[in-house]
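# Geometric and topological summary
Below, each chain spelled out in residue letters.
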Amino acid sequence: EYYLHHDLYGNYSEYGTIFLDARVPSDFSGQNNVLYGHHMADGSMFAQFAQFTDAATFNAHRTVYILTPTGNYKLSTFAIDRIEETDTTVVVPNFASAAELSGYAQTRMDASLVTPNPASSPASSINQVFAFSTCDNSNDFYRFITFAEVVDYQPVGASGSGSSVNPEDAASVDASVGERVA
C-alpha cells in the first residue's frame, strides 16, 4: 500500500512507483516474484501489461527483460489472469515442492485470458515465475496479472549472449517510452 503513493525514495508521489511484494526476497530469488505497478493513462508503469488481454498484443510481446545491478533476466510470458483485488492465491513467494510450483503455474495457465502462441513451456518445466500486477481500470475491484517464466539469467560480468538485451528490442522500447511520455 505504501508504494502506491510514494516513490522509491520514500517521498509522497501521487503516482507511486513499481514495487516488489514484501513477502518475496528483494534479490528476485523467490520462486514467484510479484511486482506491482499502476496502470497509468499515459501508458507508463504497467499500463502495457493491461493491454495483454488482447491475444495478438500478448503474443507479439512474449519476451520481457528485467535488468538489475547484479544481472539480467529474460522472461517469457505464459498467462494473463484477471483476479479480484482481494485474491490472495497469487502471491505465493515459495513453494514446498517442484510439484506445488508446477501446479501453481498450471492453474495460472488454465485461468489465462489468452492462449499463448507459440505455446508456453509445460508448467512442469517452470522453475521461477515473475508476476506483474496492475489495475483493471474498467473495474477497481480487479487486477490483471501477467505471468512469465525465467528462461535465462545472465549475471553481471558473465560472458556469452545469455539474456543480454537485443539492441533492436532496446531501441524499440526506448522509442515506445519516448512516445508515451512526450
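You'll find the structure just up there.
One structure accompanies this document, and this report is about it. (Residues numbered from 1 in each chain as written. Predicted model: local features only at pLDDT ≥ 70, side-chain atom pairs only at ≥ 80, totals over all residues. Heavy atoms only, no water.)

Next up on the list: the sheet that holds strand 2 (residues 32-36). One open sheet accounts for six strands, arranged 1-2-5-6-4-3; its pairing is mixed. A single partner strand is all that each edge strand has here, and the edge strands are strand 1 (19-20) and strand 3 (63-67). As paired elements, strand 5 (residues 129-135) and strand 6 (residues 142-155) share seven bridges and run antiparallel to each other. Bridge pairing links Ser133 to Ile145 in strand 6. Strands in contact with helix 3 (residues 98-111) are strand 2, strand 4 (71-84), strand 5 and strand 6; relative to strand 4, the strand with the most contacts, it is inclined by about 60°. (Pairing = 2+ DSSP bridges. Helix = DSSP H or I, 4+ residues; strand = E, 2+ residues; numbered from the N terminus. Contact = heavy atoms within 4.5 Å. Axes fitted to C-alpha atoms, helices over the stretch in contact; angles between N-to-C directions.)

Here the focus is unusual backbone geometry. The residue after Asn117, namely Pro118, is reached through a cis peptide bond having omega 5°. Looking at where Pro118 falls in the secondary structure, it is placed in the loop between helix 3 and strand 5. Residues other than glycine seldom take positive phi values, yet Phe28 does so here, at roughly 65°. Among the structural elements, Phe28 can be located in the loop between strand 1 and strand 2.

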